[in-house]
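Summary of the model geometry
Next come the chains, spelled out residue by residue.
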Amino acid sequence: MVIDVIDTAGNVTEEKIKNKIVVIIDVLRATSVMTTALANGVNAIYPYKDIESVIENSKKNSNPLLCGERKGLKIEGFHCGNSPLEYPHEKVAGKTMYMTTSNGTRAIENCARYARKIYIGAFLNIQAVTDKLVENRDDAVLVCSGTNDNFSFDDALCAGEIIKRAVERDAHIKCTDMALALKFIADHSTDISTTLKGCKHFEYLKSIGFEGDMEHCFTMDKYNIVPEYTDGKIKIA
Ligand code: MLT
C-alpha cells in the first residue's frame, strides 16, 4: 500500500487518483462541517461546486438545508454558513444538506469521476479515517483541498497526522516523498494551533470572527465516523 498526497483541489488529475482510495481534507472548514453535521444527525449532504447547482438540486427536497460559503461568509438566502458550530443536533438532525464551498466541495467534484472510493477526513475523525485506510490496504491519495488553489497548511498537517498514524499501525505502508514530508511535519508538531500560527486561511477566519471554529476543527477524534461520498451524496460509511 502506498500513500500519496495532492496539495490543492486544482491539482487533482485522473492519472493521480484513478481507482485509488481518496480522502478529501478541508480542515478549515468544509470537511469539518460535513463530519460535524453527519455526526449530529444529518441524513445526507449533496456537495456542489457552484451556488446555482445547490439552488437547482435542492428543489427536489421539500425541506432542504442550503449551506455553504463564499469568502468564508454565509451565502445570501442560504440557511447556514460554513461554521461547524452552526450545525448542532437540535437544528440539523434528520435534514438533508445541499452545500457549496470555495474549495472543499470543488475537491470532491474533481475526484468524483475517477476515484474508487472517496472518504471525508478532518482532525475531528482522524483515527476513524486512518483505520479505514489501513483496513482497506489499497493505495490511497490524501487530497488537501487548499485555499483557492494555493497550498494550505491546515490541510497538510491533517494529512501528515493521518500518514503518521497509518504508518504507526502498519510499518509496511510506503509513502511518496510528499507524504513523507508531511509525516515529518506532523511528527514534529505538538499543538495544532501553535503549528498553524500565521497561516493565511487560519488568520483570515479569525479576522472575520470565526476564532471559535478553530477549537472545534482542531479537536482530534471527537467523532468516530467516516463520511463517504457515493452517487452524488455524502453519508456515514
Ligand atoms: C472551503 O471549502 O473553501 C472552506 O471550507 C472555506 C471556509 O473556511 O469557509
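Description of the structure in this document.

The gaps left among the atoms become clear once a water-sized probe is rolled over them. Tallied over the entire structure, the rule returns one cavity of 30 Å³ or more. The volume enclosed by the largest cavity comes to roughly 30 Å³. Along the walls of the largest cavity sit Val-5, Asp-7, Cys-144, Phe-151, Ser-152, Asp-155, Ala-156, Met-178 and Leu-182, which together make up its complete lining. Elements supplying a minimum of two residues to the lining of the largest cavity: helix H7 (153-169) and helix H8 (177-187). Of the residues in the lining of the largest cavity, the class split is six nonpolar, one polar and two charged.

As a further point, take the pairing of strand E8 (residues 140-144). By the criterion of burial, E8 is predominantly enclosed, with five of the five residues buried. In this structure, strand E2 (residues 21-25) lies alongside E8, joined through five bridges in parallel fashion. Bridge pairing in E8 places Ile-24 opposite Val-143.

This next bit is on the site of the ligand. Inspection of the region around the ligand gives 13 residues, with Asp-26, Arg-29, Asn-82, Thr-101 and Asn-103 positioned closest. Gly-104 is positioned with one of its backbone polar atoms (N or O) 2.9 Å from an oxygen atom of the ligand. Coverage of the ligand by the protein chains reaches 98% of its 270 Å² of free accessible surface. Put simply, the ligand lies in the largest pocket. A breakdown of the residues in the shell around the ligand according to their chemical character gives three nonpolar, seven polar and three charged.

With that settled, consider the pattern of salt bridges. Considering all chains together, one arrives at 14 salt bridges under this definition. Here Arg-169 ties to Glu-135 by a salt bridge, and the two come within 3.5 Å at their closest N and O atoms. Remark: Glu-135 occurs in helix H6 (residues 126-136) and Arg-169 occurs in helix H7; sequence separation between them is 34 residues. Owing to a relative accessible area of 53%, Glu-135 belongs among the exposed residues under this scheme. With a shortest N-O distance of 3.0 Å, Arg-165 and Glu-161 are connected by a salt bridge. With a gap of four residues between them, Arg-165 and Glu-161 both fall in helix H7, about one helical turn apart. By relative accessible area, which is 15% here, Arg-165 ends up buried. Members of the salt-bridge network, linked through shared partners, are Glu-161, Lys-164, Arg-165 and Asp-221.

Our focus in this paragraph is the packing of aromatic side chains. By the definition in use, this model includes three aromatic pairs. Relative to Tyr-98, the ring of Tyr-46 has its centre 5.1 Å away and its plane inclined at 5 degrees; by these criteria the two rings are stacked. Taken together, the positions of Tyr-46 in strand E3 (residues 44-48) and Tyr-98 in strand E6 (residues 96-100) put the pair 52 residues apart, joining distant regions of the chain. Overall, the relative accessible area of 22% leaves Tyr-46 in the partly exposed class. According to the relative accessible area criterion, Tyr-98 is buried, its value standing at 5%. Look at Phe-123 and Phe-218: their rings are 6.3 Å apart centre to centre, the planes differ by 90 degrees, and that puts the pair in the edge-to-face class. Taken together, the positions of Phe-123 in the loop between strand E7 (117-121) and H6 and Phe-218 in the loop between helix H11 (211-217) and strand E10 (227-230) put the pair 95 residues apart, joining distant regions of the chain. Here the two residues Phe-123 and Phe-218 agree in accessibility, since each one is buried.

Each regular strand shows side chains that alternate between the opposite faces of the sheet. Within strand E4 (residues 64-70), six of the seven residues are buried, which leaves it mostly tucked inside the rest of the structure. In the sheet, E4 pairs with E6 via five bridges, with the strands oriented parallel. Its bridge partner lying in E6, Cys-67 is registered against Met-99. As defined by bridge partners, E4 adjoins strand E5 (residues 73-74) across two bridges and the pair is classed as antiparallel. Across the sheet, the residue bridging to Glu-69 is Lys-74, located in E5. In textbook terms, the turn of a hairpin is the stretch between consecutive antiparallel strands, and for E4 and E5 this stretch comprises two residues, one of which, Lys-71, has a positive phi near 55 degrees.

Rules and cut-offs
Residues numbered from 1 in each chain as written. Predicted model: local features only at pLDDT ≥ 70, side-chain atom pairs only at ≥ 80, totals over all residues. Heavy atoms only, no water. 1 Å grid on protein atoms, 1.4 Å probe; cavity = no way out; pocket = protein on both sides within 12 Å on 5 of 7 lines; lining within 4 Å. Points joined across faces, edges and corners; volume = space filled by probe spheres on them. Helix = DSSP H or I, 4+ residues; strand = E, 2+ residues; numbered from the N terminus. Nonpolar A, V, L, I, M, F, W, Y, C, P; charged D, E, K, R; others polar. Buried < 20%, exposed > 50% of the residue type's maximum accessible area, 1.4 Å probe, protein only. Pairing = 2+ DSSP bridges. Near = heavy atom within 4 Å. Polar contact = N/O pair within 3.5 Å; in protein donor to acceptor, adjacent residues only side chain to side chain. Areas by Shrake-Rupley, 256 points an atom, 1.4 Å probe, with all protein chains shown as cover. Sits in = over half its atoms within 2 Å of the grid points. Salt bridge = Lys/Arg side-chain N within 4 Å of Asp/Glu carboxyl O. Phe/Tyr/Trp six-rings, centres within 6.5 Å; stacked < 30°, edge-to-face > 60°.

By themselves, these figures tell us nothing about what the structure is for.
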